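Chain by chain, the residues run as shown.
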Amino acid sequence: ELGHIGLCITYVPGQVDWMYKTIAGVTPDSFSSTVKTVLGTKGYITYETLGGVNVTLMANDLSGLEYIDTINIVDYLHARMQEGVYALLVNQPKVPYTPSGATSIQAILLGVLSDQVAIGGLAATPSPTVYVPNPRNLSQADRTGRILSGVTFEATLAGSIRYVKINGTVTI
């Protein structure tokens, strides 16, 4: 649904869950529970009236296995990290093949991860981490090719709440 994409794509990935969104000017569908189950397993997004509000439901990818917002965050991280590293390589006279050069790369990646923490795409705890090796400890082939290999990062998706289970007791 283009209206759904148009609504959610205006957010920076990490700021929005694509489920429970109201699309102006779109009439909701009415499906049987069987059809809704089949559509959900196929990765379809439905637009229905739930609790008197027209909303998108089952906002997963076409496999039905991954949330659209998760895919957007991962793609966003990949693009921003590539842009940041490229900008460093282009805008500096030289990024030395030394620990300080590797630390420059590390700082860019940490900056991208921190931005996602700030907008809610990644969890603050545990803190994202970036590992860069000491370039002098890399293989002769990497050093000769001027390749900084072995750079890794870890981060935890913040995710979002879609359902709430509440148990309670009322007594006299």
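Residues numbered from 1 in each chain as written. Predicted model: local features only at pLDDT ≥ 70, side-chain atom pairs only at ≥ 80, totals over all residues. Heavy atoms only, no water.

What follows covers the overall build of the chain. Helix and strand content of the chain: five helices and four strands. On C-alpha atoms alone, the chain measures out to a radius of gyration of 22 Å, which is more than a quarter above the 16 Å that the 2.2 N^0.38 rule sets for 172 residues. Considered along the principal axes of its C-alpha atoms, the chain spans approximately 65 × 50 × 25 Å. Across the 172 residues of the chain, 29% fall into the buried class. With an accessible surface of roughly 11200 Å², the chain has 58% of that area assigned to carbon and sulfur atoms. Side-chain charges in the chain split into 10 positive and 12 negative, and the spacing between the mean points of these groups amounts to 9 Å. (Helix = DSSP H or I, 4+ residues; strand = E, 2+ residues; numbered from the N terminus. Rg over C-alpha atoms; globule rule 2.2 N^0.38 Å. Buried < 20%, exposed > 50% of the residue type's maximum accessible area, 1.4 Å probe, protein only. Areas by Shrake-Rupley, 256 points an atom, 1.4 Å probe, with all protein chains shown as cover. Lys, Arg positive; Asp, Glu negative; His and termini not counted. Charge placed at Lys NZ, Arg CZ, Asp CG, Glu CD.)

A few words now on the pairing of strand β2 (residues 53–57). Here strand β1 (residues 46–50) runs beside β2; their pairing, made up of five bridges, is antiparallel. Bridge pairing links threonine 49 to asparagine 54 in β2. (Pairing = 2+ DSSP bridges.)

For the rest of this paragraph, the subject is the nonpolar core. In this structure, Leu77, Met81, Leu109, Leu113, Leu122 and Val130 are the most contacted members of the largest nonpolar core, which totals 13 residues. Among the secondary structure elements, those contributing two or more residues to this core are α3 (68–91) and α4 (99–119). With six residues, the single largest contributor to this core is α4. For valine 130, the contacting residues outside a window of four places in its chain are Gln106, Leu109, Leu110, Leu113, Thr152 and Phe153. (Core = buried A, V, L, I, M, F, W, Y, C linked by side-chain atoms within 4.5 Å. Contact = heavy atoms within 4.5 Å.)

Since there are 3.6 residues in each turn of an α-helix, residues three or four apart along the chain are aligned in direction. Its 24 residues give α3 an end-to-end C-alpha distance of 34 Å, which sits within 8% of 34 Å, the value for a rise of 1.5 Å per residue. Along its buried surface, α3 packs onto α4 and β4 (152–154). (Expected span 1.5 Å × (residues − 1).)

Take the pattern of salt bridges next. Here the structure, examined in full by the defined rule, presents four salt bridges. A salt bridge links lysine 36 to glutamate 48; the nearest nitrogen and oxygen atoms lie 3.3 Å apart. On the criterion of sequence distance, the pair formed by lysine 36 in helix α2 (residues 33–41) and glutamate 48 in strand β1 is long-range, its members being 12 residues apart. Taking relative accessible area as the criterion, glutamate 48 reaches 6% and is therefore assigned buried. The closest approach of N and O atoms between glutamate 83 and arginine 80, which form a salt bridge, is 2.7 Å. Here arginine 80 and glutamate 83 lie together in helix α3, a separation of three residues that amounts to about one turn. (Salt bridge = Lys/Arg side-chain N within 4 Å of Asp/Glu carboxyl O.)

Inspection of the secondary structure puts threonine 22 in the loop between α1 (2–8) and α2. A polar contact of 2.7 Å, which involves the side chain of threonine 22, links it to the backbone oxygen of asparagine 54. (Polar contact = N/O pair within 3.5 Å; in protein donor to acceptor, adjacent residues only side chain to side chain.)

For any pair of aromatic rings, the description consists of the separation of the ring centres together with the inter-plane angle of the planes. Applying the stated rule across the entire model yields zero aromatic pairs. Over the face of the ring belonging to tyrosine 76 we find arginine 80, whose NZ or CZ atom lies 4.8 Å from the ring centre. (Phe/Tyr/Trp six-rings, centres within 6.5 Å; stacked < 30°, edge-to-face > 60°. Lys NZ or Arg CZ within 6 Å of the ring centre and 35° of its normal.)

Any functional reading would require information that these geometric values do not contain.
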